Amino acid sequence: MEVRSDRSPCVWTLLLGLAVLIRSAEGGCMEAAKCCRGRDMNCTSQGWRLDRLYGTCFCDQACGLTGDCCFDYSQACPARACIVGEWSHWSGCADPCTPALRVRRRQVVQEPENGGDPCPALEEKAGCLEYFTSQGTECAQSHVTAFITTFEYNKSRRRRALSPNWATEKEDAGYCVEFQVKSLSQDCLIESRPHARWMQYLREGYTVCVACQHPAMNMRNHRCYGDGRNANGLLHWEAVGNPQCQGTWKKLKEVESCSCPLVHSFIFT
């Protein structure tokens, strides 16, 4: 004698669906109260995984790469990006009277968590050249090449106090010299280090502006070394921060203030 079930296929489907929903509500990172750094084989729970399999799932940072996170991982362990503090002041030049580097740094306030954005660079370097020792002795006379760096350096380079040797009682406002770049080494064009990317804007035939301001002036004549005063031929220049980036240029004129675009504006250092 045939025994017939009182439950139709639709009823069975409904019951199975309810079972799946009930089961899916079980387990997970929030229920287990787990959220771990790195790869932690003990940071597990039981429940649905993001790859739609049911079983052991993980609540650690590495589960996103291995694809075995619990279904609620992103809610239980939200991503937190790295947070860094403000930049420190620029350091002085490493070696006075020699083309060198200055440095500034910043600290990590919050480490990235759960796949958040990584920390940006924590240190920056830039070329610099100080013409005076820590005792105030001038040493620029040994440099005949025009040493230049990005105009941005002028915002933070160290100002020196007026000394008894200064020809006037107040700081000179400075001047600007326009040059046409005649040649430059290949090293300028391929420079990619953060502190030296400004060198990529040096191009043959371009007109550039170079400002001469108080920190780089000779105390007696208020001139910057390498500015091409009374020169008619080609002059040599070198980019501070990369001694292989150098070339020649021709002086066009001297004006009171620079008017070139920022990327083509530099300073004597």
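The model shown is predicted, which means the values in this text are computed figures rather than measured ones.

Draft legend 1. Molecular detail of the pattern of salt bridges. On inspection of all chains with the given rule, the structure shows 12 salt bridges. Across the salt bridge formed by R223 and E254, the nearest N and O atoms sit 2.8 Å from each other. Taken together, the positions of R223 in the loop between β9 (207-212) and β10 (234-239) and E254 in strand β11 (residues 246-255) put the pair 31 residues apart, joining distant regions of the chain. By relative accessible area, R223 is classed as buried at 14%. For E254, the salt bridge is made with K251, and the minimal N-O distance between the two is 3.5 Å.

Draft legend 2. Just the state of the cysteines, in detail. The tally for this structure, following the rule as stated, stands at 10 disulfides. Residue pairing for C176: its cysteine sulfur links by disulfide to C258, the two sulfurs lying 2.1 Å apart. Handedness of the C176-C258 disulfide follows from its S-S torsion of about 105°: it is right-handed. With C176 in strand β8 (residues 175-184) and C258 in the loop between β11 and β12 (265-268), this residue pair connects regions lying 82 residues apart in the sequence. By relative accessible area, which is 0% here, C176 ends up buried. By relative accessible area, which is 27% here, C258 ends up partly exposed. Note that C209 is cross-linked by a disulfide to C260, the S-S spacing being 2.0 Å. In this structure, the disulfide formed by C209 and C260 twists by about 65° around the S-S bond and is classed as right-handed. Residue C209 is located in strand β9, and its partner C260 is located in the loop between β11 and β12; the two are separated by 51 residues in the primary sequence.

Reading the values: the criteria
- Residues numbered from 1 in each chain as written.
- Predicted model: local features only at pLDDT ≥ 70, side-chain atom pairs only at ≥ 80, totals over all residues.
- Heavy atoms only, no water.
- Salt bridge = Lys/Arg side-chain N within 4 Å of Asp/Glu carboxyl O.
- Helix = DSSP H or I, 4+ residues; strand = E, 2+ residues; numbered from the N terminus.
- Buried < 20%, exposed > 50% of the residue type's maximum accessible area, 1.4 Å probe, protein only.
- Disulfide = S-S within 2.5 Å.

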